[in-house]
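Notes for the structure review
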Amino acid sequence: MIKKQPELVLDNQGLYTEQTGLLNWDLIFNEKVTRVDQGKRGVKFTFSFQHPGGIVNIDISDFNISKGRLERLMRVYKGRYSS
């Protein structure tokens, strides 16, 4: 079955995931994109972050965004929130 809701949404106020709902940027820390080599199955990219309720890991391998682009967007949105 195909999901119709986005798995990850970034905006000036915070980050939304299905697991957490909307979290303001000041509640999100230790965010990173990790590359995991899976041998013959290829490479998997995981976006992870911590918030007061725990740790979230999202497989972003099938997303239409590069690791570097996602990291840049995170810095931009988090910076906008802070200023």
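Residues numbered from 1 in each chain as written. Predicted model: local features only at pLDDT ≥ 70, side-chain atom pairs only at ≥ 80, totals over all residues. Heavy atoms only, no water.

Brief notes about the sheet that holds strand β5 (residues 43-51)
Pairing in this open sheet of 3 strands is antiparallel, and the strands run β4-β5-β6 from one edge to the other. Of all strands in the sheet, those with a lone pairing partner are β4 (29-37) and β6 (54-59), marking the two edges. Adjacent strand axes in the sheet meet at a mean angle of 20 degrees when their direction is disregarded. Pairing geometry for β4 and β5, over 7 bridges, is antiparallel. Paired with Asp37 across the two strands is Val43, which belongs to β5. Each of β4 and β5 touches helix α1 (residues 67-82); the most contacted strand, β4, lies at about 175 degrees to it. (Pairing = 2+ DSSP bridges. Helix = DSSP H or I, 4+ residues; strand = E, 2+ residues; numbered from the N terminus. Axes fitted to C-alpha atoms, helices over the stretch in contact; angles between N-to-C directions. Contact = heavy atoms within 4.5 Å.)

A look at unusual backbone geometry
In the Ramachandran plot, Asn30 falls in the positive-phi region, its phi being about 55 degrees despite a non-glycine side chain. Inspection of the secondary structure assignment puts Asn30 in strand β4. The class of Asn30 is exposed, set by a relative accessible area of 52%. (Buried < 20%, exposed > 50% of the residue type's maximum accessible area, 1.4 Å probe, protein only.)

A look at the pattern of salt bridges
By the definition in use, this model includes 2 salt bridges. For Glu31, the salt bridge is made with Lys78, and the minimal N-O distance between the two is 3.1 Å. On the criterion of sequence distance, the pair formed by Glu31 in strand β4 and Lys78 in helix α1 is long-range, its members being 47 residues apart. By relative accessible area, which is 28% here, Glu31 ends up partly exposed. A relative accessible area of 22% places Lys78 in the partly exposed class. Taking the shortest distance from any N to any O, the salt bridge between Lys67 and Glu71 comes out at 3.3 Å. With Lys67 and Glu71 both in helix α1, this residue pair falls 4 residues apart, about one helical turn. (Salt bridge = Lys/Arg side-chain N within 4 Å of Asp/Glu carboxyl O.)

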